[in-house]
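The lines below spell out each chain.
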2 protein chains.
Amino acid sequence: MSNSNECLISRRDVNFLLLDWLQIESIIEHAPFTDHSRFTISATLDLFESIAKAHFTPHNRKNDEYEPQFDGERVTLNSEIKKALEAFSEAGLMAATQNEDIGGMKLPTSVDLAGMAYMFAANAGSIGYAFLTKANANLLLAHGAADLVDRFVKPMMEGAAFGTMCLSEPQAGSSLADIRTRALLMPDGRYRIFGSKMWISGGEHELTDNIVHAVLAKIPNSDGKLPPGTEGISLFVAPKRLVDLHGNLGERNDVALAGLNHKMGYRGTVNCALNFGEGRFTPEGEAGAIGEIIGEPGKGLAYMFHMMNEARIGVGLGAAAMGYSGYLHALDYARERLQGRLRSARDPSTPQTPIIAHSDVKRMLLAAKCYAEGSLALVLYCAKLFDETRIADKAAKHAHALLDLLTPVAKSWPSQWGLAANDIAIQVLGGAGYTRDYPVEQLYRDNRLNPIHEGTHGIQALDLLGRKVARGDGLALLSERITTTITAAREDEILAPHANMLDHTWKRISCVTEALHALSDVDERLANATAYLEAFGHIVVGWLWLDQARSALALRASPEADMDFISGKLQACRFYFAWELPKIEAWLGVLDPVDTCTLAMKDNWY
Amino acid sequence: MSNSNECLISRRDVNFLLLDWLQIESIIEHAPFTDHSRFTISATLDLFESIAKAHFTPHNRKNDEYEPQFDGERVTLNSEIKKALEAFSEAGLMAATQNEDIGGMKLPTSVDLAGMAYMFAANAGSIGYAFLTKANANLLLAHGAADLVDRFVKPMMEGAAFGTMCLSEPQAGSSLADIRTRALLMPDGRYRIFGSKMWISGGEHELTDNIVHAVLAKIPNSDGKLPPGTEGISLFVAPKRLVDLHGNLGERNDVALAGLNHKMGYRGTVNCALNFGEGRFTPEGEAGAIGEIIGEPGKGLAYMFHMMNEARIGVGLGAAAMGYSGYLHALDYARERLQGRLRSARDPSTPQTPIIAHSDVKRMLLAAKCYAEGSLALVLYCAKLFDETRIADKAAKHAHALLDLLTPVAKSWPSQWGLAANDIAIQVLGGAGYTRDYPVEQLYRDNRLNPIHEGTHGIQALDLLGRKVARGDGLALLSERITTTITAAREDEILAPHANMLDHTWKRISCVTEALHALSDVDERLANATAYLEAFGHIVVGWLWLDQARSALALRASPEADMDFISGKLQACRFYFAWELPKIEAWLGVLDPVDTCTLAMKDNWY
């Protein structure tokens, strides 16, 4: 059986993606990243990798076998989760991207996410707490008052509290306009919150002394009624335990666990329903969870999207990392496992061949390589855009617009195709892959969450087609960057055919986009949004593969060039253009003209 | 939460498929099926359905939660498995397709498999024992001597023994040429068998007094060496307990459990490694499991394919049934669950809509309907072909050739797309679908086995392209039947565009097939066999959808026509031709000319 620590993420690939392809050294020439160098980046990645291997991989299976338990009083988790997260915080990785004043090292997000890829590959369930905590802290830093930062963000950065995001309710999942949780202003400026929240990851545990819930709730109108729709939605910090103005932990807040969810995978991360304000933890007549508002009333949804967008990139990263690890496990197995012979050399008296020699196994591994490395490249590309938004120059605005456009793609493409890599990994291992003796089946179960949470696949599609490609400069900027890659790639005889194909498909989807936006019927325009998302994503990743191939080719000139690595990138690019990009025609075919099959379908016809 | 018994298989659809579409009444005009009538067929389906609901559905989740345990002495299963299988046998369903002399009712296999679909939908883990037993009995009936039938088949048909198939070994899974299990002839004509078998479903349990293992082993040459390759592979009955010539159960045979496999799903069916002849159950010096040969030495592999082909159709059936049940659960949930509003009517003060009104949910449900109903149609089509092989007329030979061709498709297409229906079902339920509170996640895990066992997806591809389309009349006969459907469908204005599209794609794949067979390099010809299998399967199922639509349209004339049902079939056909069939171009694109990406890929490039 393979050593899981050898099958997380290829460091060779991470170095290529960050340094050769994304040229992250150009980022660290600018504030706020100027403390960094190629050396510190490498050392930080080493740190992530070593913590992943020492503290996270070893209990990944155990998280699956011993899921969180609730005895009516407290939630019990596999005890190794706490130790692993302590090691993570103590190494300074919780605050890695922050400024020094809250214990950070001003690490570029691109490097941070590359490091986090190791954590997700090692143990998504355990690192989930840290990921949410980092995103929660970033939300408070962006929109919270200074005292909220002091009292809540600092403990989170030290690992003394973990964060959550409380959006969904039993009757309101994708439709946040329908939340019913209410926040009533108290004379002291704080609020009392009442309502039920659903699907809260990290919602209850004893890993830390406190849990910082970021809660969406509506402030009622003067008539006591909740405003309709997204109006009046505001955002609150409602911690598990109250924190006084000096940062001291006080009494238990009125936030009660209503029940745990028992999941197919991703079991290390406790997920639960929470009741705010049912009065379990407060004297009679004083029910209501104490909440402090973040920013201004009525702007909660916009603020929450700060965290949501980060979480969506994080979902993409987790999906990429799990797909990547599955791919490496399959590769490892395919090199060791002997079975059969090539059709052209079937003499049964000869030894069997490693299955990696069979073309169908090569196909599966090439597809998995395209999905895994392509997903990671996409997420790191977006992370670099995020870094660019923090650099005070004219590129920041462009980066922001592009990131806005690409976020639904970075969330959905890895969720779909990283999972496909996990499916392939099971298939490469055959019967062995279907047993719990190998890690690939757990990766497949764990990764199946990613197309669901933080906005389902279908919601990402509506976001992309209904909003992102319709507004701002994102699409024009993307077109410019794709064209730049195409023009450069045409100079190389290996890449020119791919460049021409990308040019063709990009023009094709641009026409489709225009045709869709010319439609006056919004239901029709968005009817097949998922097909659009999938085609768009496949083209974007095709562009990134072509761009990776360009960077790989450029490395050939060096005397220390790793020719195997370069050949692998080129072959994956070739495979992607031959096997993957042609898939888009089927998706585009239902978009222009819009196929109305789904719209016309009636409930009682099923 | 939905009632699982309402979400197995649509009886309305089964009636349509068997009676209206396949016109099974034309089968029962012929021996050996003449005892049957529309009435007995309906009553038998009722019986399957009622036993599935009363005895199988109720413990499906429990099978998952309490997987088989081995304490070193015996294997313990969830006790409800035994009771359910007793009810199944007592109702006469184990022997349903057999002649009266062994307790059967000469049921057409098409009806038997339609009934078995309910069992697989209700509880694949439990019915697995019965399915293997039926296939094992059919193998012995086809190739075993009369006394083997008396001593082994009869007890199986009464539910007193269950059957297995023992092919794989630790070093020989897909490559049966490499088996090392040996069978040594004893003076009394029986054999002593020595070797290790792997992945044996139903290999050890106490559900029945005996287990009838069908075991592949090689008979050594006179020099004591095993012949190379598939030469000398013979087939033996080696029961768990010996059976004397009068059918009495005797001592324990030398077949020992080596260990249980712990699977991701399908846990009700125990799966294990068995050691034959290690001497655990025999006096010293008498090791070797006693085996009796089936048929002639050296023909074991050919005989085993009798069982294997039945098992492959059975895998397709199970995959279809699980996909079908997932689809119905998703449909049920989508009708109940309120969330959001249509884009064109977003007034947040109005009530939320059932999610089935959202076009993306309609899309998912239409796709799942196409996969589930299309899979079941494919398997029942093959079952009818099997029935035709048993009717003594000239159609039998044709049916045999077609069945031979379509078996890899009937195994692989439902395994791939039925599983896709299960994936969709999770997505429709969203977070709920990812919890173990709903059955869709278990269906997804259970169904993931099907692309692996009884010949992986890749093995089916080699079988189709390397053997089945290259020999015999199968392809010509299929072409004839497809052309018949196309010609007839062209007469209808709704179906004519689909007929033209099918005509085009069928001509296209016929050209590809010819081009591939013109290639002299066998490695190149078969390099992308999986793409061929997937394209071929999608076209075949497209043909069956068009043919179903034809039958549905013909029903309109009746005054009792169920217009909703008919509209659903037509809309699914329309969806399939708009969304699914266009996928084949991407697969065919790598076949003609053959894309050599995979062949050229090198191990150290990954």
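How each quantity is defined
Residues numbered from 1 in each chain as written. Chains lettered and ligands numbered in written order. Predicted model: local features only at pLDDT ≥ 70, side-chain atom pairs only at ≥ 80, totals over all residues. Heavy atoms only, no water. Helix = DSSP H or I, 4+ residues; strand = E, 2+ residues; numbered from the N terminus. Rg over C-alpha atoms; globule rule 2.2 N^0.38 Å. Buried < 20%, exposed > 50% of the residue type's maximum accessible area, 1.4 Å probe, protein only. Contact = heavy atoms within 4.5 Å. Pairing = 2+ DSSP bridges. Axes fitted to C-alpha atoms, helices over the stretch in contact; angles between N-to-C directions. Parallel < 35°, antiparallel > 145°, perpendicular 65-115°, else oblique. Left-handed = near helix turned anticlockwise from the far one by under 90°. Nonpolar A, V, L, I, M, F, W, Y, C, P; charged D, E, K, R; others polar. Buried area = accessible area lost by both parts, 1.4 Å probe. Salt bridge = Lys/Arg side-chain N within 4 Å of Asp/Glu carboxyl O. Core = buried A, V, L, I, M, F, W, Y, C linked by side-chain atoms within 4.5 Å. Least-squares fit on C-alpha atoms with pLDDT ≥ 70 in both. Lys, Arg positive; Asp, Glu negative; His and termini not counted. Polar contact = N/O pair within 3.5 Å; in protein donor to acceptor, adjacent residues only side chain to side chain. Phe/Tyr/Trp six-rings, centres within 6.5 Å; stacked < 30°, edge-to-face > 60°. Lys NZ or Arg CZ within 6 Å of the ring centre and 35° of its normal. Expected span 1.5 Å × (residues − 1). Bend = angle between axes of the 7 residues up to and from the residue. pLDDT = per-residue confidence, 0-100.

## Things to note about the overall build of chain A
Right, on to step 1. Secondary structure summary: chain A contains 18 helices and 12 strands in total.
Right, on to step 2. Scaling as 2.2 N^0.38, a compact globule of 606 residues should have a C-alpha radius of gyration of about 25 Å, and chain A matches this with 25 Å.
Right, on to step 3. Across its three principal axes, chain A shows a C-alpha extent of roughly 80 × 60 × 55 Å.
Right, on to step 4. For chain A, the residues scored as buried account for 64% of the 606 residues in total.
Right, on to step 5. Of the contacts formed within chain A by residues at least 6 apart in sequence, a portion of 75% connects residues at least 24 apart.

## Side note on the pairing of strand E7 (residues 233-239) of chain A
Residue and element names in this part refer to chain A.
Right, on to step 1. The buried fraction of E7 amounts to seven of the seven residues, a majority that puts the element mostly inside the structure.
Right, on to step 2. Side chains Ile 233, Leu 235, Val 237 and Pro 239 of E7 all project onto a buried face; the interleaved residues Ser 234, Phe 236 and Ala 238 project onto the opposite face, where all are buried too.
Right, on to step 3. The pairing of strand E6 (residues 210-218) with E7 spans seven bridges and is antiparallel. Its bridge partner lying in E7, Val 212 is registered against Pro 239.
Right, on to step 4. As judged from the two bridges shared by E7 and strand E12 (residues 289-293), these two strands associate in the antiparallel manner. Looking at E12, one finds that Val 237 is bridged to Glu 292.

## Some points on the packing of helix H13 (residues 496-517) of chain A against helix H16 (residues 563-580) of chain A
All names here are of chain A.
Right, on to step 1. Direction vectors running N to C along H13 and H16 enclose 40 degrees, while the axes themselves pass 11 Å from each other. Taken together, the axes of H13 and H16 lie oblique to each other. Relative to H16, H13 is oriented so that their crossing is left-handed. Contacts from His 498, Met 501 and Leu 502 of H13 reach H16 at Cys 573, Arg 574 and Phe 577.
Right, on to step 2. Residues belonging to the contact of H13 with H16 are distributed by class as follows: four nonpolar, one polar and one charged.

## Some words on the interface of chain A and chain B
Right, on to step 1. Opposite the 90 residues of chain A that make contact, chain B presents 91 residues.
Right, on to step 2. Taken together, the two surfaces of chain A and chain B that pack against each other cover about 8,100 Å², and 55% of this comes from carbon and sulfur.
Right, on to step 3. Of all residues in chain A, Arg343(A), Tyr434(A) and Tyr606(A) bury the most surface against chain B, accounting for 12% of the area lost on that side.
Right, on to step 4. Counting across the chain A and chain B interface gives eight salt bridges.
Right, on to step 5. Residue composition of the side of chain A that touches chain B, grouped by class: 38 nonpolar, 28 polar and 24 charged.

## Comments concerning the nonpolar core
Right, on to step 1. In this structure, Phe536(A) and Phe536(B) are the most contacted members of the largest nonpolar core, which totals 426 residues.
Right, on to step 2. Excluding residues within four positions of it along the chain, Phe536(A) makes contact with Leu405(A), Val409(A), Leu464(A), Val469(A), Leu475(A), Leu478(A), Trp506(A) and Ile509(A).

## Some points on the pattern of salt bridges
Right, on to step 1. Tallied over the full model, the rule gives 89 salt bridges over all chains.
Right, on to step 2. In this structure, Glu67(B) and Arg436(A) form a salt bridge, with 2.4 Å as the shortest nitrogen-oxygen distance. Of this pair, Glu67(B) sits in the loop between helix H3 (60-65) and strand E1 (69-70) while Arg436(A) sits in the loop between helix H9 (395-429) and helix H10 (440-447), which puts the two residues in different chains.
Right, on to step 3. For Glu49(B), the salt bridge identified is with Lys53(B), shortest N-O distance 3.0 Å. Residue Glu49(B) and its partner Lys53(B) are both found in helix H2 (residues 38-56); the two are separated by four residues, about one turn of the helix.

## A closer look at the relation of the copies chain A and chain B
Right, on to step 1. The transform that puts chain A on chain B rotates by 180 degrees and translates by 0.0 Å along the axis, for an RMSD of 0.0 Å. Taken together, the rotation and translation describe the operation of a two-fold axis. Among all residues of chain A, the minimum C-alpha distance to the rotation axis is found for Lys583(A), at 3.3 Å.
Right, on to step 2. In this assembly the copies share their binding face: 100% of the residues contributing to the interface of chain A also contribute to that of chain B.

## Let's talk about the side chain of Arg267(B)
Right, on to step 1. For Arg267(B), the position within the fold is in the loop between strand E10 (255-260) and strand E11 (271-276).
Right, on to step 2. Although buried, Arg267(B) forms no salt bridge, and the nearest oppositely charged side chain, Asp64(B), lies 4.0 Å from it.
Right, on to step 3. A polar contact is formed between the side chain of Arg267(B) and the backbone oxygen of Asp64(B), at a distance of 3.1 Å.
Right, on to step 4. There is a polar contact of 3.5 Å between the side chain of Arg267(B) and the backbone oxygen of Met264(B).
Right, on to step 5. With sequence-adjacent residues up to four places away left out, Arg267(B) is seen in contact with Arg436(A), Asn63(B), Asp64(B), Glu67(B), Pro68(B) and Arg445(B).

## Let's talk about the packing of aromatic side chains
Pairs of aromatic rings are described using the distance from one ring centre to the other and the angle between the two planes.
All names here are of chain A.
Right, on to step 1. Under the criterion given, the structure shown has 35 aromatic pairs over all chains.
Right, on to step 2. Through successive ring pairs, a cluster of aromatic residues spans Trp 21, Tyr 381 and Trp 543.
Right, on to step 3. The ring centre of Phe 281 lies 4.0 Å from the NZ or CZ of Arg 252, which sits over that ring.

## Some thoughts on unusual backbone geometry
Right, on to step 1. Put simply, Ala31(A) and Pro32(A) share a cis peptide bond, and its omega is 5 degrees.
Right, on to step 2. Topologically, Pro32(A) is positioned in the loop between helix H1 (11-21) and helix H2 (38-56).
Right, on to step 3. For Tyr266(A), which is not glycine, the phi torsion reads 55 degrees and is therefore positive.
Right, on to step 4. When you line up the elements, Tyr266(A) lands in the loop between strand E10 (255-260) and strand E11 (271-276).
Right, on to step 5. With relative accessibility at 7%, the residue Tyr266(A) sits in the buried group.
Right, on to step 6. For Gln23(B), which is not glycine, the phi torsion reads 50 degrees and is therefore positive.

## Quick notes on helix H6 (residues 146-158) of chain A
All names here are of chain A.
Right, on to step 1. Relative to the 18 Å expected for 13 residues at 1.5 Å per residue, H6 spans 17 Å between its end C-alpha atoms, a close match to the ideal helical length.
Right, on to step 2. Inspection of H6 places Leu 148, Val 149, Arg 151, Phe 152, Val 153, Met 156 and Met 157 among the buried residues, and these make up the whole buried set.
Right, on to step 3. Two residues or fewer after H6 comes Gly 159, characterised by a positive phi angle close to 85 degrees.

## Some thoughts on helix H9 (residues 395-429) of chain B
Right, on to step 1. In the structure, H9(B) departs most strongly from a straight axis at Leu406(B), where the bend amounts to approximately 45 degrees and where the proline Pro408(B) lies between one and four residues downstream.
Right, on to step 2. Remark: Gly430(B) follows H9(B) within two positions and exhibits a positive phi of approximately 65 degrees.

## A few points about the environment of Gln339(B)
Right, on to step 1. Relative to the helices and strands, Gln339(B) resides in the loop between helix H7 (300-336) and helix H8 (359-390).
Right, on to step 2. At a separation of 3.0 Å, a polar atom in the side chain of Gln339(B) contacts the main-chain amide nitrogen of Ser175(A).

## Quick word on the confidence of the model for chain A
Right, on to step 1. Confidence along chain A averages 96 in pLDDT terms, with 100% of residues attaining 70 or more.
Right, on to step 2. Overall fold confidence for the complex sits at a pTM of 0.98, while the interface term, ipTM, reaches 0.98.

## A look at the packing of helix H5 (residues 109-143) of chain A against helix H8 (residues 359-390) of chain A
All names here are of chain A.
Right, on to step 1. Between H5 and H8, the shortest axis-to-axis distance is 7 Å and the interhelical angle comes to 150 degrees. Classified by the angle between their axes, H5 and H8 sit roughly antiparallel to one another. For the pair H5 and H8, contact is made by Thr 109, Ser 110, Leu 113, Ala 114 and Ala 117 and by Leu 376, Val 379, Leu 380, Ala 383, Lys 384, Phe 386 and Asp 387, respectively.

## Some points on the environment of Trp199(A)
All names here are of chain A.
Right, on to step 1. Take Trp 199: it is sitting in strand E5 (residues 191-201).
Right, on to step 2. Note on Trp 199: relative accessible area 30%, which makes it partly exposed.
Right, on to step 3. Distance from Trp 199 to Leu 167, taken between C-alpha atoms, is 8.5 Å for residues 32 residues apart in sequence.

## Remarks on the side chain of Thr407(A)
Right, on to step 1. Secondary-structure assignment places Thr407(A) in helix H9.
Right, on to step 2. Apart from residues lying up to four places away in sequence, Thr407(A) is in contact with Asn309(A), Arg312(A), Ile313(A) and Lys468(A).

## Focus: the environment of Phe575(B)
Right, on to step 1. Mapped onto the secondary structure, Phe575(B) falls in helix H16 (residues 563-580).
Right, on to step 2. Discounting residues that sit within four places of it in the chain, Phe575(B) has contacts with Cys597(A), Thr598(A), Arg363(B), Leu366(B), Ala367(B), Cys370(B) and Glu580(B).

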